[in-house]
Amino acid sequence: MGDRQKTVGVLTGGGDVPGLNPALKTLVTRAAENGYRVLGIRRGWGGLLTYNRDDPHSGENTLMPLDRHSVRTVDRTGGTFLHTSRTNPGKVAPADVPEFLRGPDFDPLAPGHHDFTQHVLANLEHLGVDSLIAIGGDDTLSYAERLFREGVSVVAIPKTMDNDVFGTDYCIGFSTAVTRSVNFIHNLRTSAGSHERIAVVELFGRNSGETSLISAYLAGVDRALISEVPFDVERLALLLQEDKRSNRSNYAMVTVSEGASMIGGQTVEYGQEDAYGHKKLGGIGVVVSEAVKGLTGSHIIYQQLSYLMRSGAPDSLDLMVAYNYANMTMDLISEGMSGRMVSLQGGTYRHIPISTIMQGEKRVDVAELYDLEEYRPKVRHVLGKPMFLY
């Protein structure tokens, strides 16, 4: 057993972002150089939940052995070729329990959730996974932290276009999402100006309004609504009317985080909760558009960027961070370290305890970066701030 080739498992969970495939390629390449075998786990934690140890064909849909040849060209595209899911094996709804895990007394209509962590642990042992690399946001990594407490050797890589994993200044995917948003916003100016309308641009951002704030800041948008600050739509309408009148092209623009809400209102959600307790967001832009149109009489252009923000190839910054996070991760594994998350702090690459993600929430520093009265970015101090300001 001492001569057995060590195996590294890797998975991607949550939403896709540009930079995942380059990170995967780097992990596989470095692992091969260091003598490790790499086992790709498909569809995030869902792969470990649905893998059936008693079915010799189960791995065909849930596992993907990886080598240099299989990842040779993957860094040229966005997304994740391992696929992804929002599965949480520690909290599985009855309807989502795989057939082979349903006992004779199983009731698919029963309330509550099932914890299949022991099943996941048994699968990792059965597959001979010595170290597990989890790439994801705070939801995906919270389950990685759970597995670490259960004794699994885990290293985490933070990714999310919201840049809201606590403990790191930067997550893979954020720069490209902002770059996409800024480009689309500038492109939309042609139609908004030609038709003399108010443009409402809805961006991803559940709990953190960073994407809306930074995109508006960089694109010079008139107003920005963020998740952290409920807004008065009547005041917003007055401000946008003023912006439109003061613009020689007679148009105005506002960005809206999908998690934004009116004062006294609620975020716009729909569908069933996922395994981490989140419903789908989206539609606040429609609410804002209709309200502003009713209050101002102006015609509206409503554009929901949503998945366009996270589609396509990564920009150079996300390539740089993806490559470096992956190399750091393999360094940690080679050094026998576990329970760590790679991160950027103060412009320097570091690694921190994975439990850090559970110790706080990363949100926009409203007092430093936002004007509560004017609903727009207001960067009061730059000195000492990280590159993306929070």
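To be clear, the structure that these remarks concern was listed above.
Residues numbered from 1 in each chain as written. Predicted model: local features only at pLDDT ≥ 70, side-chain atom pairs only at ≥ 80, totals over all residues. Heavy atoms only, no water.

S.K.: When you look at the sheet that holds strand S6 (residues 198-203) in this model, what are you seeing that I'm missing?
M.R.: Two modes of strand pairing occur in sheets, parallel and antiparallel, and in both the strands are linked by backbone hydrogen bonds. The sheet built from four strands is open, its strands ordered S7-S8-S6-S11 with parallel pairing. Edge positions in the open sheet fall to strand S7 (223-225) and strand S11 (300-304), since each of these has one partner strand only. Adjacent strand axes in the sheet meet at a mean angle of 15 degrees when their direction is disregarded. Where S6 lies against S11, five bridges are found, and the strand directions are parallel. Directly across from Val 200, in S11, lies its bridge partner Tyr 302. Contacts between helix H9 (residues 284-296) and the sheet are confined to S6, S7, strand S8 (252-257) and S11, with S6 contributing the most and set at about 160 degrees to the helix. (Pairing = 2+ DSSP bridges. Helix = DSSP H or I, 4+ residues; strand = E, 2+ residues; numbered from the N terminus. Axes fitted to C-alpha atoms, helices over the stretch in contact; angles between N-to-C directions. Contact = heavy atoms within 4.5 Å.)

S.K.: Explain unusual backbone geometry here, please?
M.R.: Keep in mind that most residues, glycine aside, have a negative phi and that most peptide bonds are trans. In the Ramachandran plot, Glu 196 falls in the positive-phi region, its phi being about 55 degrees despite a non-glycine side chain. Along the chain, Glu 196 falls in the loop between helix H6 (174-195) and S6. Given the relative accessible area of 42%, Glu 196 is considered partly exposed. With a phi angle near 35 degrees, Ser 306 is a residue other than glycine that sits in the positive phi range. (Buried < 20%, exposed > 50% of the residue type's maximum accessible area, 1.4 Å probe, protein only.)

S.K.: It is not clear to me how the environment of Lys 91 should be interpreted in this structure. Could you clarify?
M.R.: Mapped onto the elements of the fold, Lys 91 is located in the loop between strand S3 (63-66) and helix H4 (117-126). Expressed as a C-alpha distance, the spacing of Lys 91 and Asn 34, which sit 57 residues apart in the sequence, is 36 Å.

S.K.: Can you walk me through the packing of aromatic side chains in this structure?
M.R.: For the structure shown, the criterion picks out six aromatic pairs. Arranged with centres 5.6 Å apart and planes meeting at 25 degrees, the rings of Tyr 170 and Phe 388 form a pair that is stacked. One end of the pair, Tyr 170, is in the loop between strand S5 (154-158) and H6; the other, Phe 388, is in the segment after strand S15 (376-377), and 218 residues separate them in sequence. Overall, Tyr 170 belongs to the buried group, its relative accessible area being 3%. Taking the relative accessible area as the measure of exposure, Phe 388 reaches 14% and is therefore buried. (Phe/Tyr/Trp six-rings, centres within 6.5 Å; stacked < 30°, edge-to-face > 60°.)

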